[in-house]
Structure formats: C-alpha cells, structure tokens
Amino acid sequence: AQEAADHARRAIQLDSSDPAGHKALAEASLVLNDAETAYKEYKFLLQYDADNGDLHHGLSVVLEKTGKIDEQIKEERKAIELMPDNEAARLGLIR
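Attention in this report is confined to the structure presented alongside it. (Residues numbered from 1 in each chain as written. Predicted model: local features only at pLDDT ≥ 70, side-chain atom pairs only at ≥ 80, totals over all residues. Heavy atoms only, no water.)

### Comments concerning the overall build of the protein chain
Next up, step 1: Looking only at helices and strands, the protein chain features six helices and zero strands.
Next up, step 2: Taken from the N to the C terminus, the helices and strands of the protein chain come in the order α-α-α-α-α-α.
Next up, step 3: By the compact-globule yardstick of 12 Å for 95 residues, the protein chain fits well, its C-alpha radius of gyration being 13 Å.
Next up, step 4: Projecting the C-alpha coordinates of the protein chain onto the three principal axes gives extents of approximately 40 × 25 × 20 Å.
Next up, step 5: Out of the 95 residues in the protein chain, the part that is buried amounts to 36%.
Next up, step 6: Contacts in the protein chain between residues far apart in sequence, at least 24 positions, make up 35% of those at least 6 positions apart.
Next up, step 7: Accessible surface computed for the protein chain: about 5800 Å², of which carbon and sulfur atoms make up 51%.
Next up, step 8: Taking the average place of the 12 positive charges on the side chains of the protein chain and the average place of its 19 negative ones, the gap between the two points comes to 4 Å. (Helix = DSSP H or I, 4+ residues; strand = E, 2+ residues; numbered from the N terminus. Rg over C-alpha atoms; globule rule 2.2 N^0.38 Å. Buried < 20%, exposed > 50% of the residue type's maximum accessible area, 1.4 Å probe, protein only. Contact = heavy atoms within 4.5 Å. Areas by Shrake-Rupley, 256 points an atom, 1.4 Å probe, with all protein chains shown as cover. Lys, Arg positive; Asp, Glu negative; His and termini not counted. Charge placed at Lys NZ, Arg CZ, Asp CG, Glu CD.)

### A word on helix α5 (residues 69-82)
Next up, step 1: The first and last C-alpha atoms of α5 sit 20 Å apart over 14 residues, in line with the 20 Å expected at 1.5 Å per residue.
Next up, step 2: Among all positions in α5, only Gln72, Glu75, Glu76, Ala79 and Ile80 are buried. The buried side chains of α5 occupy one side of the element, clustering within an arc of 140° when seen end-on. Seen from the buried face of α5, the exposed residues on the opposite side, beyond 90 degrees, are Asp70, Lys74, Arg77 and Glu81. (Expected span 1.5 Å × (residues − 1). Arc of directions from axis to C-beta.)

Structure below.
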C-alpha cells in the first residue's frame, strides 16, 4: 500500500487535476491508516464529483475510523441514495 501511495503522489505531482491519482491516494491512505490524507483526498474528489456514491462510501469509511459517526452515517446514506444496490454501503450503516 505504501508503494501505491507513493505512485499516486507522483501522479498527482505530474497532473494535480487528474482524479485517478487522488482516488488512488485516498484508497492507499485508508489501507495505511492515514485517515487525514484519505479524508483530504475524498473531500477533494467530491468537490468535482458530488454524485459519486463510491466516493461518499470511501469518505464514510474514513469518518468511521476517526469516530465521526454522525458524519459517517450522513455519507453512507448519500452513498446508498446514489447506489441503492451497493451492499458495502448498506453494511456501512449496520456497523
């Protein structure tokens, strides 16, 4: 995961407007338990793609890890609204 985060950071340096690098960094940061970076990257991505259920779900996972449960529930509900058949998002509300 560290190698993936390093690659993502390099990709962002080359083209900071490319969402793929930011998404890769957010996901790698989650695995590395770097909630601060993951939060920042998901918030950045949602500024440009607010109707992306996967991004809302990813942010909800970060919020859960940091104990921000009220915000986590809000993000998970948004993810379910955007992706009603997504099992991971539904399970996020049950936890």
